[in-house]
Amino acid sequence: MTSLKTLTLSVSALALGTGIAAADPALIFDLGGKFDKSFNEAAYNGAERWKAETGGDYRDIEMQSAAQRVQFARRMAESGANPIVVMGFQNAPTLEEVAPDYPDTSFVLIDAVADLPNVRSVIFAEHEGSYLVGMLAAMASESNTISFVGGMEIPLIAAFACGYAQGAKAVNPDMEVIVNYTGNTPDAWNDPVRGGEIARGQVSQGSDVVFAAAGGTGLGVLQAAADAGVYSIGVDSNQNYLHPGSVLTSMLKLVDEAVYTAFTDGPGLEAGVVTMNLAAGGVGYALDEHNADLITAEMQAAVEAAREAIIAGETVVHDYRTDSTCPAF
Amino acid sequence: MDMATLAQVLDSTLRLATPLLFACLAGLISERAGIFDIGLEGKILAAAFLAAAIAFVSGNVWLGVLAGIAISVCMSLIHGVASITFRGNQLISGVAINFLAAGLTVVIAQNWFRQGGRTPSLTGDARMAQIDLPFAEALADVPVIGPIYNIFSGHALLVYLAFLCVPATWFLLFRTRFGLRLRAVGENPAAVDTAGVSVIGLRFGAVAICGVLCGLAGAYLSTGLSAGFVKDMSAGRGYIALAAMIFAKWRPWHAMGAVLLFGLLEAVANRFQSIEIMGLALPIQVMQALPYILTVVILAGFVGRAIPPRAGGSPYVKEH
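Values in this document were obtained by computation on a predicted structure and should not be read as measured data.

**Brief notes about the overall build of chain B**
For step 1, the next point in the chain: The number of helices and strands found in chain B is 13 helices and 4 strands.
For step 2, the next point in the chain: Computed over C-alpha atoms, the radius of gyration of chain B comes to 20 Å, within 12% of the 20 Å expected from 2.2 N^0.38 for 320 residues, which places it in the range of a compact globule.
For step 3, the next point in the chain: Seen along its three principal axes, the alpha-carbon backbone of chain B occupies a region of about 70 × 50 × 40 Å.
For step 4, the next point in the chain: Within chain B, the proportion of its 320 residues that are buried is 50%.

**Some thoughts on the UniProt feature "transmembrane region" (unreviewed entry) in chain B**
For step 1, the next point in the chain: As recorded in UniProt, the feature "transmembrane region" (unreviewed entry) lies at residues 12–30, 42–59, 91–113, 151–173, 204–230, 250–269 and 289–307 of chain B.
For step 2, the next point in the chain: From the first C-alpha to the last, residues 42–59 of chain B spans 25 Å; its make-up is 94% helix and 0% strand.

**Some words on the domain arrangement of chain A**
All names here are of chain A.
For step 1, the next point in the chain: Here the domain parsing of chain A yields domain 1 (2–124 + 256–276) and domain 2 (127–252 + 296–323).
For step 2, the next point in the chain: Using C-alpha coordinates to define each centre, domain 1 is positioned 31 Å away from domain 2.
For step 3, the next point in the chain: With 10 residues of domain 1 at the contact, the number on the domain 2 side is 11 residues.
For step 4, the next point in the chain: Here the side of domain 1 that touches domain 2 is built from residues that sort into 4 nonpolar, 2 polar and 4 charged.

**Examining the UniProt feature "domain: ABC transporter substrate-binding protein PnrA-like" (unreviewed entry) in chain A**
For step 1, the next point in the chain: UniProt records the feature "domain: ABC transporter substrate-binding protein PnrA-like" (unreviewed entry) at residues 30–316 of chain A, using the numbering of this structure.
For step 2, the next point in the chain: Within residues 30–316 of chain A, the helical portion is 41% and the strand portion 21%, while the C-alpha atoms at the span's ends are 31 Å from each other.

**A look at the pairing of strand β4 (residues 107–110) of chain A**
Residues and elements named next belong to chain A.
For step 1, the next point in the chain: Of the two faces of β4, the one lined by F107 and L109 and the one lined by V108 and I110 are each fully buried.
For step 2, the next point in the chain: Between strand β3 (residues 84–87) and its parallel partner β4, the chain crosses via helix α4 (residues 92–98), and the hand of that crossover is right-handed.
For step 3, the next point in the chain: With 4 bridges joining them, β4 and strand β5 (residues 119–124) adopt parallel strand pairing. Bridge pairing links V108 to R120 in β5.

**A short note on the interface of chain A and chain B**
For step 1, the next point in the chain: Facing the 24 residues of chain A at the interface are 23 residues of chain B.
For step 2, the next point in the chain: Listing elements by their share of the side of chain A that touches chain B, those giving two or more residues are β7 (176–183), α7 (192–204) and α8 (217–228) of chain A.
For step 3, the next point in the chain: A per-element tally of the side of chain A that touches chain B places α7(A) first, with 9 residues.
For step 4, the next point in the chain: Among the residues forming the side of chain A that touches chain B, the class breakdown is 6 nonpolar, 11 polar and 7 charged.

**Here we look at the sheet that holds strand β1 (residues 26–29) of chain A**
In a beta sheet, neighbouring strands are held together by backbone hydrogen bonds and run either parallel or antiparallel to one another.
Residue and element names in this part refer to chain A.
For step 1, the next point in the chain: Strand order in the open sheet formed by 6 strands is β2-β1-β3-β4-β5-β11, with parallel pairing between adjacent strands. Across the chains shown, the open sheet's two edge strands, defined by having one partner strand only, are β2 (59–62) and β11 (272–276). Neighbour-to-neighbour, the strand axes of the sheet open up by a mean angle of 15 degrees, direction not taken into account.
For step 2, the next point in the chain: Across 5 bridges, β5 lies against β11 in parallel orientation.

**Regarding the environment of B:V81**
For step 1, the next point in the chain: Looking at where B:V81 falls in the secondary structure, it is placed in helix α3 (residues 61–85).
For step 2, the next point in the chain: As for B:V81 and B:S93, which are separated by 12 residues in sequence, their C-alpha atoms are 9.6 Å apart.

**A few points about the nonpolar core**
For step 1, the next point in the chain: Within the largest apolar cluster, 198 residues are counted, with the highest numbers of intra-cluster contacts made by A:I28, B:C24 and B:A244.
For step 2, the next point in the chain: Broken down by element, this core gets its largest block of residues, 15 residues, from helix α10 (residues 199–225) of chain B.
For step 3, the next point in the chain: Shared between two domains, this core holds at least three residues of each, these being domain 1 (2–124 + 256–276) and domain 2 (127–252 + 296–323) of chain A.
For step 4, the next point in the chain: Apart from residues no more than four positions distant in its own chain, B:A244 is found in contact with B:L20, B:C24, B:A255, B:A258, B:V259 and B:F262.

Reading the values: the criteria
- Residues numbered from 1 in each chain as written.
- Chains lettered and ligands numbered in written order.
- Predicted model: local features only at pLDDT ≥ 70, side-chain atom pairs only at ≥ 80, totals over all residues.
- Helix = DSSP H or I, 4+ residues; strand = E, 2+ residues; numbered from the N terminus.
- Rg over C-alpha atoms; globule rule 2.2 N^0.38 Å.
- Buried ≥ 20, exposed ≤ 12 C-beta atoms within 10 Å, placed from the backbone.
- UniProt positions renumbered as here; feature names shortened; annotations may be inferred.
- Domains from an automatic or database assignment.
- Contact = placed C-beta atoms within 7 Å.
- Nonpolar A, V, L, I, M, F, W, Y, C, P; charged D, E, K, R; others polar.
- Right-handed = clockwise from strand over helix to strand, strands pointing away.
- Pairing = 2+ DSSP bridges.
- Axes fitted to C-alpha atoms, helices over the stretch in contact; angles between N-to-C directions.
- Core = buried A, V, L, I, M, F, W, Y, C linked by C-beta atoms within 7 Å.

Shown next, in the form of structure tokens:
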């Protein structure tokens, strides 16, 4: 009994100790992993930038399985971290369960909406960014066939595909857009072999620009495109450098900006829904020294005009997530 | 489906079936000797990682393949020591191998390359080259023969090796003394022991061969099919191979048929988002689940019975 009491006391003292020590912000990565060269890595870069600029410290944790979602969010909240940035659309139910128990902790959910007083939900207008790269793809294509490789077949990824197809068809209404998804389990984000095979299949169907929105699987897609001598388009982070000359551009999603802002705002940050669209600079396409030769001045001018039109509201890009249909298919 | 599409799908089938075939034969040899091995997945993953890592560092893909085989054999021997020498539970040991590989590959890759648990992309000689069979170019325009010949041309060396392993495995198991003893040790180890042959030795031999084949499967994944290692890149292929092995009822030639079928299903699933068969639209999910459904059907005894080697899963205890 005595030993049990001592243990309980020391455990609570430990918990108290960490609670006082850490008012640091925290970042919980989704299943793709911290260095996926894409979505999660962008968040990591944002956090690192904040760390370098403010000299502050932050805590982070990588999830290994879906079963850990609630556990990790709770552990971070218990440890006193504030605010806590949680990555990934699959964490909406996680926060709906955890956030009400910690009303004094601010949470930031990236890529989904959780309607709670202490949660800021950051969503991105992926369809708008994909529209722009779809235009670039259509202008670069010589075969009038372009393609898309998605990870899991979920509304978020379908929104990428739909925006891409709309952009392509805005340039050329006869453009053929092939769409394939990798799978239905989380394995679909980490299967470069299958991604490569899908890309090869699309190239054999005539596609000469392949857009990958599939996490680690996308690396296999970009590789296969480079091997086949066709163009590819990266996603989330700037992936132009992976195969210079083959990666036409990357659909940027400024996740790093969202994380950086959340860390800067600190505890008690404003809750509600933040939409990172083209107007807010939350999405875009990548232009750097690796693809400078691939994007001609006319292509750039056309895309910039489309960007302005979307920001001004003259062009409306349909979001697949609103009604689960896509006008471009 | 036109001819070109068919050729592309079959071409893809051969590539996708290759790692499954290596892994399936690996499991087959191990289980024929009475050692269940659900650690195929882990061994493939470990081999994929080390093959890519060594190929990147040395710039030579074949050194990478050797390293992949070496690590896979090491893990097989761990499985062997746990389940043969110490008579532990073979399933638990296999699961442990899977966890060990899933964790270690990422940690070591991060430590070596600092790219978040992946290896850098392989280029040039660090990747497995495709071998064009003689006259492939010349025959390309010949109707019927040309496209068919070209399906078989242009693959990595390991693809051809995998298919050569099928008759080799058959010969080893059914035409050699070693094979006879190996099968006997999976059915009735006491009889083998009585004949004065080492049960332990035979079983270790079987798991070592299993390790070599898994090593080839993993090396092909990371250096042949893709260009580098990504965490969890085996993506369940070790389990599909086990399913294929049961589907083939532990027979080498049937195993080849099973992996080709499963490879074809995957290739078709990759190519089409839905399949129309007699006016019925089959969603892609059905194709992806089919290998498992077929295996369950076989296990349930609808299409003949699948009887595993009788002594499978039980460690051998010498009588005194």
